[in-house]
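Topology and contacts: notes
The chain contents come next:
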Amino acid sequence: MTATASPTTTTLVTGRPASRALRRHAGGSQGNEQLIGWVFLTPFLIAFALFLVWPILHGLYLSFTDQSLTGSGGGFVAFANYAEALIDPVMWGAFGNTVWFTLLSTIPLVVIALVMAVLVDRGLPGQWLWRLSFFMPYLLASTVISQIWIWIFNPQIGAANNVLKAFGLEPIAWLQDPKVNMLAIVIATVWWTVGFNFLLYLAALQNIPQQQYEAASLDGAGGWRQFTSITLPQLGPATTLIGLLQILASLKLFDQAYQMLGGLSSDTTRSIVQYIYETGFVGYRFGYSAAISYVFFAIIIILGVVQALITRRRKDAR
């Protein structure tokens with residue numbers, strides 16, 4: 001009598017039907033996991049589309065029209081708005097003010113933040129108090145910062161002019177004088193935002209292995225030698241990140257300048273974002289305002305690409 005293998009025996013011996021079943025089960029599990037993932041992502045994707053993708057696309061459409069805030073217009077004008085923006089002297093003047101503010105603010109915001117982080121990391125007494133005092137201004141709203149510095153820069157009773165008088169210097173109309181009002185905005189901005197860069201630098205400093213400093217100390221390297229040969233090179237990536245973030249933030253200058261100057265603008269303080277606001281909400285030219293914003297957006301993209309290429313070349317050179 002010939003014995004025949006049952007399906008169960010075949011499955012146990014060869015394992016093929018079982019492996020197929022396992023693959024089908026694994027595939028079904030992965031499909032369920034992907035479905036659950038998409039379910040959790042759906043609210044974010046909806047919000048992303050409504051509040052980012054749609055405004056970008058709608059703004060791009062408006063830039064090709066003569067849409068007005070009053071509701072009139074809306075006709076397609078092709079590239080007329082962009083052609084006007086490229087020869088608009090007020091727009092390029094506002095862009096120049098923005099670049100000037102970026103240059104004046106970025107360098108001290110990087111250097112001062114580095115000095116503050118190094119001092120705290122080296123063990124100043126009461127580190128928690130220093131960290132709190134350095135970071136606290138960053139938590140304040142721009143309106144609060146603006147009011148604080150309006151009082152400080154008051155020509156009659158402000159603390160800034162009292163300091164100048166203590167050194168025998170003449171008082172300055174900080175916010176009224178076109179020669180120094182941009183400098184006043186830079187000072188307020190540095191005091192307000194340097195705490196964020198300070199935290200980034202402090203986190204980077206704490207990631208540097210202490211063994212490197214100990215080995216350098218055994219080799220006779222002093223504090224300055226350790227700082228220039230160990231600390232600064234190790235902080236290279238953090239400095240690049242902070243510099244890039246600071247440039248992007250400074251290019252968006254609007255809040256503090258608008259509030260400290262009482263909504264007024266001049267040829268020395270009008271930023272590109274303020275000019276976009278004035279064109280759209282004061283001049284009622286929504287279409288032209290949208291075109292200016294996309295010209296500015298393109299300039300930022302170009303700067304970002306250049307920065308990325310420079311960073312990559314430096315890495316390749318190393």
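Quantities reported herein were computed from a predicted structural model and do not represent experimental measurements.

Another point: the overall build of the protein. Assigned secondary structure in the protein consists of 14 helices and zero strands. Starting at the N terminus and walking to the C terminus, you meet the elements of the protein as α-α-α-α-α-α-α-α-α-α-α-α-α-α. Relative to its 318 residues, the protein shows a buried fraction of 32%. Nonlocal contacts in the protein, meaning residues at least 24 apart in sequence, comprise 63% of its contacts between residues at least 6 apart. Counting only carbon and sulfur atoms, one obtains 69% of the accessible surface of the protein, whose full area is about 19700 Å².

Right, let's get into unusual backbone geometry. Phi is positive for Ala 78, which is not a glycine, with a value near 60°. Mapped onto the secondary structure, Ala 78 falls in the loop between helix H2 (16-62) and helix H3 (80-86). In this structure Ala 78 comes out as partly exposed when scored by relative accessible area, which is 29%. Look at Tyr 284: it is not a glycine, yet its phi comes out positive at around 65°.

Okay, the packing of helix H4 (residues 89-121) against helix H11 (residues 236-251) next. Running from N to C, H4 and H11 point in directions that differ by 145°, and their axes come no closer than 9 Å. Two packed elements cross with a definite hand, and for H4 against H11 that hand is right-handed. Of the residues in H11, those touching H4 at Thr 98, Phe 101, Thr 102, Ser 105, Thr 106, Leu 109 and Val 110 are Thr 239, Ile 242, Gly 243, Gln 246, Ile 247, Ser 250 and Leu 251.

With that settled, the discussion passes to the nonpolar core. Phe 153, Phe 198, Tyr 201 and Leu 235 are the most contacted members of the largest nonpolar core, which totals 43 residues. Secondary-structure elements contributing two or more residues to this core are H4, helix H6 (142-152), helix H7 (159-166), helix H8 (181-206), helix H9 (210-218), helix H10 (223-234), H11 and helix H12 (255-260). When residues in this core are grouped by element, the largest group, 13 residues, is from H8. Once residues within four sequence positions are removed from consideration, Phe 198 is found in contact with Ala 113, Met 116, Ala 117, Val 120, Arg 131 and Phe 134.

Between its first and last C-alpha, H4 extends 48 Å over 33 residues, near the 48 Å set by a 1.5 Å rise per residue. Regarding H4, its N-cap is Asp 88, as a side-chain oxygen of that residue lies 3.1 Å from the backbone nitrogen of Val 90 further along. Two residues or fewer after H4 comes Gly 123, characterised by a positive phi angle close to 100°.

Another aspect to go through is the confidence of the model for the protein. On average, the protein scores 86 in pLDDT, and the residues at 70 or more come to 89%. Contacts for the low-pLDDT stretch residues 5-15, under 50 throughout, to residues beyond four places or in other chains number four contacts.

Note on aromatic pairs: each is described by the distance of the centres and the angle between the planes. Per the stated rule, a full pass over the model turns up 21 aromatic pairs. Centroid distance Trp 149 to Phe 153: 5.2 Å. Interplanar angle 35°. Geometry classified as tilted. By the burial criterion, Trp 149 is buried, and Phe 153 matches it. With a centroid separation of 5.6 Å and 25° between ring planes, the pair formed by Tyr 277 and Phe 281 is classed as stacked. Note that Tyr 277 and Phe 281 are positioned in helix H13 (residues 272-282) at a spacing of four residues, about one turn of the helix. Exposure remark for Phe 281: the relative accessible area of 48% places this residue in the partly exposed category.

Looking at the element boundaries, Pro 171 is found in the loop between H7 and H8. Under the relative-accessibility criterion, Pro 171 is labelled partly exposed at 42%. Separated by ten residues in sequence, Pro 171 and Asn 161 place their C-alpha atoms 5.0 Å apart. Leaving out residues up to four positions away in the same chain, Pro 171 has contacts with Asn 161 and Lys 165.

We now examine a nonpolar patch on the surface. A contiguous nonpolar surface patch, about 980 Å² in accessible area, is contributed by Trp 38, Leu 41, Phe 44, Leu 45, Phe 48, Leu 52, Val 53, Trp 54, Ile 56 and Leu 57. Mapping Phe 44 onto the fold places it in helix H2.

A word on the side chain of Arg 270. As for its placement among the helices and strands, Arg 270 is situated in the loop between H12 and H13. A distance of 3.2 Å separates the side chain of Arg 270 from the side chain of Glu 278, its partner in a polar contact. Beyond its immediate chain neighbours, meaning those up to four positions away, Arg 270 contacts Val 90, Ala 94, Asn 97, Ser 265, Tyr 275 and Glu 278.

Procedures and definitions
- Within any chain, residue numbers begin from 1 and follow the written order of that chain's sequence.
- Restriction of local features to residues with pLDDT of at least 70 applies here, the model being predicted, together with a cutoff of 80 or more for giving and counting side-chain atom pairs; totals for whole chains, interfaces and linings are based on all residues.
- Side-chain measures here rest on the full set of heavy atoms in the structure, leaving out hydrogens and waters.
- Numbered from the N terminus, helices here are DSSP runs of H or I no shorter than four residues, and strands are runs of E no shorter than two.
- Type-normalised accessible area, obtained with a 1.4 Å probe on protein chains alone, sets the label of each residue: buried when under 20%, exposed when over 50%, and partly exposed for intermediate values.
- Residues count as neighbours in contact if any of their non-hydrogen atoms are within 4.5 Å of one another.
- The Shrake-Rupley method, run with a 1.4 Å probe, gives the accessible areas here. Residue values count only the displayed protein chains as cover.
- Each axis is a line fitted through C-alpha atoms, taken for helices only over the stretch in contact, and angles between the N-to-C directions span 0 to 180 degrees.
- Throughout, a crossing is termed right-handed when the near helix is turned clockwise from the far one, and left-handed when it is turned anticlockwise from it by less than a right angle.
- Here, the term nonpolar core denotes a set of buried Ala, Val, Leu, Ile, Met, Phe, Trp, Tyr and Cys residues that are joined through side-chain atoms within 4.5 Å.
- Between the first and last residue of a helix there are one fewer steps than residues, each counted as 1.5 Å, and that sum is the expected span.
- Two N or O atoms count as a polar contact when they lie within 3.5 Å, although within protein this holds only if one can serve as hydrogen donor and the other as acceptor, and sequence-adjacent residues are included solely when both atoms are side-chain atoms.
- The predictor's confidence in any single residue is recorded as pLDDT, a number from 0 to 100.
- Only the six-membered ring of Trp is used, alongside the rings of Phe and Tyr, when aromatic pairs are assigned; centres must lie within 6.5 Å, and planes under 30 degrees apart are stacked while those over 60 apart are edge-to-face, with the rest tilted.
- Patch rule: a residue counts if its relative accessible area is over 30% and it has no salt bridge; like charges are joined within 9 Å, and nonpolar side chains (Val, Leu, Ile, Met, Phe, Trp, Tyr) within 5 Å.
- Throughout this description, the term salt bridge denotes a Lys or Arg side-chain nitrogen within 4 Å of a carboxyl oxygen of Asp or Glu.

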